[in-house]
Amino acid sequence: MLQEFELFNGSLQEITHTKKLITTLNAHSYNTVKKDPLFREALRASDVILPDGISVVLAVRLLQGKRIRKIAGDDLFRYEMQRVHSMGGKCFFLGSSETTLNLIEEKVKKDFPGLRVYSYSPPYKPEFTEEDNRAMIDVVNEVEPDVLFVGMTAPKQEKWAHEHFNRLKSGHICCIGAVFDFYAGTVQRAPVWIISAGMEWFFRLVREPRRMWRRYLIGNTLFVSGILKEKFKTGSNRSPLVTLQSETVKTKKD
């Protein structure tokens, strides 16, 4: 499955500032994409896919012998905020609750003074109506942000951003999920040393066992099984796992 996607392996500074859909790929995404064709379509249509997880990094090394760098959604978020702040631009947070968004806005004002920040909390439901979609698109387009952060959890956020990409007036459209809660402080992210050791998944499992046990204990097992099947799959004509992007980032065609 992973051979279908191009994983970005350069510096975030190399991504041009034109309109782009930026998503991430981790073990959970790998498992989900197998049973969700719309999610697969959204990832394949992304301009940039970041390897967000030590599991994906190790899989690439195992299958191709190549070393790539993990780039988490939080890394993307920090970079985008600095970039837009330096140009006196606008950022928009779409998703999460009003409480979380208020915390985010207050923190942005302290961390990035002068940066114009906007947000919108969509209704909490499995699927949005056309009226819901129109309301979200209209409020984003009224602002025309330099970066739009979409935080509806995967795969909902990726599918929504892909489906409405051409209707959105924005620069980078970044699907970053849990980063909303990390930045707001409603969920604690692992310390740097744990992240560096590749054990952030274990930290989240210990912190939120009821919510995360299936994702990490069962999900990680499924991921390893899938990668091993790719590793030992017979046939010399099999496509390589990924095409690594370093200097050129493809541009989405309308």
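The sections below set out a description of the structure shown in this document. (Residues numbered from 1 in each chain as written. Predicted model: local features only at pLDDT ≥ 70, side-chain atom pairs only at ≥ 80, totals over all residues. Heavy atoms only, no water.)

Points about the overall build of the protein
Filter applied, for reference: Secondary structure elements follow DSSP: runs of H or I no shorter than four residues count as helices, runs of E no shorter than two count as strands, and numbering proceeds from the N terminus. Every radius of gyration here is taken over C-alpha atoms, with the globule rule written as 2.2 Å times N^0.38, N being the number of residues. Relative accessible area decides the class of each residue, using a 1.4 Å probe on protein chains only: under 20% of the type maximum gives buried, over 50% gives exposed, and in between gives partly exposed. The charge count treats Lys and Arg as positive and Asp and Glu as negative. His and the chain ends do not count. A single reference atom marks each charge: NZ on Lys, CZ on Arg, CG on Asp, CD on Glu.
Helix and strand counts for the protein come out as eleven helices and six strands. Computed over C-alpha atoms, the radius of gyration of the protein comes to 18 Å, within 12% of the 18 Å expected from 2.2 N^0.38 for 254 residues, which places it in the range of a compact globule. Taken over the C-alpha atoms alone, the protein extends approximately 55 × 40 × 35 Å along its principal axes. Within the span of the protein, comprising 254 residues, buried residues form 48% of the whole. When the 38 basic and 30 acidic side-chain charges of the protein are each reduced to a single mean position, those positions are 7 Å apart.

Digging into the state of the cysteines
Let me state the cut-off plainly: Two cysteine sulfurs form what is called a disulfide whenever their separation falls within 2.5 Å.
By the definition in use, this model includes zero disulfides. Lacking any disulfide linkage, Cys 91 is separated from the closest cysteine sulfur, that of Cys 174, by 11 Å. The cysteine Cys 174 is free of any disulfide, with Cys 175 supplying the nearest cysteine sulfur at 7.7 Å. A relative accessible area of 0% places Cys 174 in the buried class.

As for the packing of aromatic side chains
Just so we agree on the cut-off: Pairs were defined over the aromatic rings of Phe, Tyr and Trp, the Trp ring being its six-membered one, requiring ring centres within 6.5 Å. Orientation was assigned from the angle between planes: stacked under 30 degrees, edge-to-face over 60, tilted for the rest. A ring is considered to have a charge above it if a Lys NZ or an Arg CZ atom is located within 6 Å of its centre and within 35 degrees of its normal.
Throughout the structure, instances matching the rule amount to six aromatic pairs. Each ring, one from Tyr 30 and one from Phe 223, has its centre 5.0 Å from the other, and the planes form 80°; the classification is edge-to-face. Linking Tyr 30 in helix H1 (residues 27-33) with Phe 223 in helix H11 (residues 209-231), this pair joins segments that are 193 residues apart in sequence. Ring pairing ties together the aromatic residues Phe 77, Phe 93, Phe 149, Phe 180 and Tyr 183, which thus form one cluster. In this arrangement the basic side chain of Lys 19 is found over the ring face of Phe 165, its NZ or CZ atom lying 4.3 Å from the centre.

Considerations on helix H5 (residues 98-111)
To keep it simple, the criterion reads: In a helix, the anticipated span is given by 1.5 Å times the number of residues less one. Two residues form a contact once any of their heavy atoms are found within 4.5 Å.
In this model H5 runs 20 Å from its N-terminal to its C-terminal C-alpha over 14 residues, within 8% of the 20 Å that 1.5 Å per residue would give. Those residues of H5 hidden inside the fold are in contact with helix H4 (73-86), strand E3 (90-95), strand E4 (116-120) and helix H8 (179-184).

Notes on the packing of helix H3 (residues 54-64) against H11
To keep it simple, the criterion reads: Interaxial angle, 0 to 180 degrees, is taken between N-to-C directions of lines fitted to C-alpha atoms, where a helix line uses only the stretch in contact. Throughout this description, any angle smaller than 35 degrees is read as roughly parallel, any larger than 145 degrees as roughly antiparallel, any in the 65 to 115 degree range as roughly perpendicular, and the remainder as oblique. Left-handed describes a crossing whose near helix is turned anticlockwise from the far helix through less than a right angle; right-handed describes the clockwise counterpart. Each residue receives one of three labels: charged for Asp, Glu, Lys and Arg, nonpolar for Ala, Val, Leu, Ile, Met, Phe, Trp, Tyr, Cys and Pro, and polar for the others, Gly being one of them.
Packing of H3 against H11 leaves a shortest axis separation of 10 Å and a crossing angle of 15°. Considering their axes alone, H3 and H11 lie roughly parallel with respect to each other. Here the hand of the crossing between H3 and H11 comes out right-handed. Where H3 abuts H11, its residues Ser 55, Val 56, Ala 59, Leu 62 and Leu 63 lie against Phe 223, Ile 227, Leu 228, Glu 230 and Lys 231. Its residues assigned to classes, the contact of H3 with H11 comprises seven nonpolar, one polar and two charged.

Examining the sheet that holds strand E1 (residues 20-25)
What links the strands of a sheet is backbone hydrogen bonding, and the strands pair in either a parallel or an antiparallel sense. We count it as follows: Only strands that DSSP links by at least two bridges are regarded as paired with each other.
With parallel pairing, six strands are arranged side by side in an open sheet as E2-E1-E6-E5-E3-E4. Unpaired on one side and paired on the other, strand E2 (48-51) and E4 mark the two borders of the sheet. Strand after strand, the sheet turns through a mean of 20° between neighbouring axes, direction not considered. Bridge count between E3 and strand E5 (residues 147-151): five bridges; the pairing is parallel. Bridge assignment links Gly 95 to a residue of E5, and that residue is Gly 151. Here helix H7 (residues 156-163) sits on the sheet and contacts E1, E3, E5 and strand E6 (172-175); the angle it forms with E6, its principal contact strand, is near 155°.

Some remarks on unusual backbone geometry
Generally, phi is negative for residues other than glycine and the peptide bonds are trans, each holding for most cases. Cis geometry marks the peptide bond from Ala 154 to Pro 155, where omega comes out at 5°. Structurally, Pro 155 can be placed in the loop between E5 and H7. Of note, the phi angle at Ser 96 is positive, near 70°, even though the residue is not glycine. For Ser 96, the location among the structural elements is in the loop between E3 and H5. Of note in this structure, Glu 144 is not a glycine but carries a positive phi near 55°. Following the sequence through the fold, Glu 144 ends up in the loop between helix H6 (130-143) and E5. Residue Glu 144 is classed as partly exposed on the basis of its relative accessible area of 44%.

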